[in-house]
Amino acid sequence: MRIERVDPADAGVVRACHAVHEEAAAVDDALWSPPLSLAMFSAYVRHDWPGDPSETWYVPGDPPGPSGPGGPVAGTCYLEFPDLENRGRASMVLTVHPAFRRRGVGRALLSHAARR
């Protein structure tokens, strides 16, 4: 399974990753708070918080389609690595698009995050 780092300058991939979060929230948490807006999601992908560098990774879906250069996005993983305190820990938000669940996407992203 191919896992790629999100290029914050690639608006198409950022938009496709945001769509994964929206679709998952609609299925998993429809009565709770709404998902992050595209602007806020983009800010998380583009900017590190002071003392907490971050990375966002994604699994391109198959088959390739019009939603981005690698096709639709099957899942995403956002990682924060504290570099001031608790340096042996990381924070993670892992989301798999409902249409791609039960195919090993979440497991692959979790393994990738553990290696990072």
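Residues numbered from 1 in each chain as written. Predicted model: local features only at pLDDT ≥ 70, side-chain atom pairs only at ≥ 80, totals over all residues. Heavy atoms only, no water.

S.K.: Which residues make up the sheet that holds strand E4 (residues 91-96), and what are the values?
M.R.: Pairing is antiparallel in the open sheet, where 4 strands are placed in the order E1-E2-E3-E4. Strands with a single pairing partner mark the edges of an open sheet, and in this sheet they are strand E1 (4-5) and E4. Of the pairings in the sheet, the one linking E1 to strand E2 (residues 54-60) comprises 2 bridges and is antiparallel in character. Looking at the pairing, Glu-4 lines up with Tyr-58 of E2. (Pairing = 2+ DSSP bridges. Helix = DSSP H or I, 4+ residues; strand = E, 2+ residues; numbered from the N terminus.)

S.K.: With reference to specific residues and values, describe the packing of aromatic side chains.
M.R.: Counted under the stated rule, the structure contains 1 aromatic pair. Between Tyr-44 and Tyr-78, the ring centres sit 5.9 Å apart and the planes meet at 90 degrees, which makes this aromatic pair edge-to-face. Of this pair, Tyr-44 sits in helix H2 (residues 38-46) while Tyr-78 sits in strand E3 (residues 73-80), placing them 34 residues apart in sequence. Residue Tyr-44 is classed as partly exposed on the basis of its relative accessible area of 27%. (Phe/Tyr/Trp six-rings, centres within 6.5 Å; stacked < 30°, edge-to-face > 60°. Buried < 20%, exposed > 50% of the residue type's maximum accessible area, 1.4 Å probe, protein only.)

S.K.: Describe the nonpolar core, with residues and values.
M.R.: Of all hydrophobic cores here, the largest spans 11 residues; its members are Trp-57, Val-59, Ala-74, Cys-77, Leu-79, Phe-81, Val-96, Phe-100, Val-105, Leu-109 and Ala-113. Among the secondary structure elements, those contributing two or more residues to this core are E2, E3 and helix H3 (105-115). In this structure Ala-113 touches Cys-77, Leu-79 and Met-92, once residues within four positions along its chain are discounted. Residues Val-14, Ala-16, Val-20 and Phe-41 belong to the second largest nonpolar core, which totals 10 residues. (Core = buried A, V, L, I, M, F, W, Y, C linked by side-chain atoms within 4.5 Å. Contact = heavy atoms within 4.5 Å.)

S.K.: Please give an account of the confidence of the model for the protein chain that cites residues and values.
M.R.: Within the protein chain, residue pLDDT values average 86, and 92% of them lie at 70 or more. Across residues 64-70 the pLDDT falls below 50, and counting only partners more than four positions away or on other chains, this stretch makes 13 contacts in the model. (pLDDT = per-residue confidence, 0-100.)

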